[in-house]
Amino acid sequence: MRVISIVSGKGGVGKTTTVANLGIVLASKFKKKVIVIDCNITTPHLGLYMGIHQHPITLNNIIKDNSKVADAFYTHPSGVKVIPSSLSLKDLDGLDMLHLKSTIDKIKTEYPDTDYILLDCAPGFGREAIAGMRSSDEILYVTIPYFPVVVDIVKCVRVAEDLELRSIGLLVNMKRGGKHELTHSEIENITELPIVSSISFNHDVFKSLHNRIPISVAKPFCKVSKQIDALAAFITGENVPKDKFSDKVFGLFDKY
Ligand SMILES: Nc1ncnc2c1ncn2[C@@H]1O[C@H](COP(=O)(O)OP(=O)(O)O)[C@@H](O)[C@H]1O
Ligand SMILES: [Mg+2]
């Protein structure tokens, strides 16, 4: 079982999008048992991104009231088990994120056949973000190719080093190929991290959020979805399973 935190220095770079889509691809294409957990408790979005509208029991309840983990699972059609956080401000009362690690440990013990637990962390390196990081063993950094955002990653790396987390590397999201963007080698030089995934900017990602259907489900053959497949392949060390012929035919229009 691998527990991976997905982190960034700044918000809005694509962490939640990555957790949702990577989780879906790992479960549906790579046939892994996956749990995704919204550890961004102050501004939780993961449930919304995955089309989960009703979630009476959340991570907040597991941490605060010792609710059963099974009651906070919402199974996405891909097979991913989602543990959302509460959208209600009052559910933050008395919630101590210091207990997140013991909660994740409990989930690991109760669901030992899980292959991947992905933690959608809060941005930065405040108490909430660090609680997510220290509940994981490995870390995947997410940035966009702009100077200040990349510089913030350097601080995250220092924090992760102190926590002795294994680094998977850096995902560069929303690449448009503009001349004001940092190049891959500039980003690798600044962060001293290998870029393990590069994902293009595409309005369909935003559209899929609006429709509450992640891009890897809405348009599984588009460029961004293929890039997410490649990330899943890198993480698992396996090849992307071949698409069925019928899927390919029906997916022809995804490319455009
Ligand atoms: N590759 C992409 N192309 C276009 N828009 C994207 C892409 N990745 C994410 N987005 C959009 O950017 C916004 C922020 O993404 P989100 O995953 O919520 O970031 P974070 O979790 O880091 O705050 C969302 O509106 C999302 O739809
Ligand atoms: Mg987010």
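Residues numbered from 1 in each chain as written. Chains lettered and ligands numbered in written order. Predicted model: local features only at pLDDT ≥ 70, side-chain atom pairs only at ≥ 80, totals over all residues.

A short note on the overall build of the chain
Summing up its helical and strand segments, the chain has eleven helices and eight strands in all. A globule of 256 residues ought to have a C-alpha radius of gyration of about 18 Å, and the chain, at 17 Å, matches this closely. Here the C-alpha coordinates of the chain stretch approximately 45 × 45 × 30 Å along the principal axes. Looking at the chain as a whole, 45% of its 256 residues qualify as buried. (Helix = DSSP H or I, 4+ residues; strand = E, 2+ residues; numbered from the N terminus. Rg over C-alpha atoms; globule rule 2.2 N^0.38 Å. Buried ≥ 20, exposed ≤ 12 C-beta atoms within 10 Å, placed from the backbone.)

Topic: the site of ligand 1
Around ligand 1, the surrounding shell holds 18 residues, and the nearest of these are Gly14, Lys15, Thr16, Thr17 and Val205. Only α1 (15-28), β7 (166-175) and α8 (203-210) provide two or more residues apiece to the shell around ligand 1. Classifying every residue of the shell around ligand 1 by side-chain character gives eight nonpolar, nine polar and one charged. (Near = placed C-beta within 6 Å. Nonpolar A, V, L, I, M, F, W, Y, C, P; charged D, E, K, R; others polar.)

Regarding the packing of helix α6 (residues 147-162) against helix α7 (residues 184-191)
For the pair α6 and α7, interaxial distance at closest approach is 9 Å and the crossing angle is 35°. You can see that α6 and α7 cross each other, and the crossing is right-handed. Residues Val150, Val151, Ile153, Val154 and Val157 of α6 form the contact with α7, whose participating residues are Ile187, Ile190 and Thr191. Taken together, the residues that form the contact of α6 with α7 break down as seven nonpolar, one polar and no charged. (Axes fitted to C-alpha atoms, helices over the stretch in contact; angles between N-to-C directions. Left-handed = near helix turned anticlockwise from the far one by under 90°. Contact = placed C-beta atoms within 7 Å.)

A word on the sheet that holds strand β3 (residues 74-75)
The eight strands are arranged β3-β4-β2-β5-β1-β6-β7-β8 in an open sheet whose pairing can be described as mixed. Strand pairing shows two members of the sheet lacking a second neighbour, β3 and β8 (195-200), which therefore form its edges. Both strand β1 (residues 2-7) and strand β5 (residues 116-120) contribute to a ladder of five bridges, which runs parallel. When the sheet's bridge partners are listed, serine 5 is paired in β5 with leucine 119. In the packing of helix α5 (residues 127-134) onto the sheet, the strands contacted are β1, β5 and β6 (138-143), and the crossing angle to β1 comes to about 155°. Sheet contacts for α6: β1, β6 and β7; angle to β6, the most-contacted strand, approximately 170°. (Pairing = 2+ DSSP bridges.)

Remarks on the environment of proline 148
For proline 148, the position within the fold is in helix α6. A residue is classified by how many C-beta atoms lie within 10 Å of it, and proline 148, with 9 of them, is exposed. In sequence terms proline 148 and glycine 9 are 139 residues apart; their C-alpha atoms lie 9.5 Å from each other.

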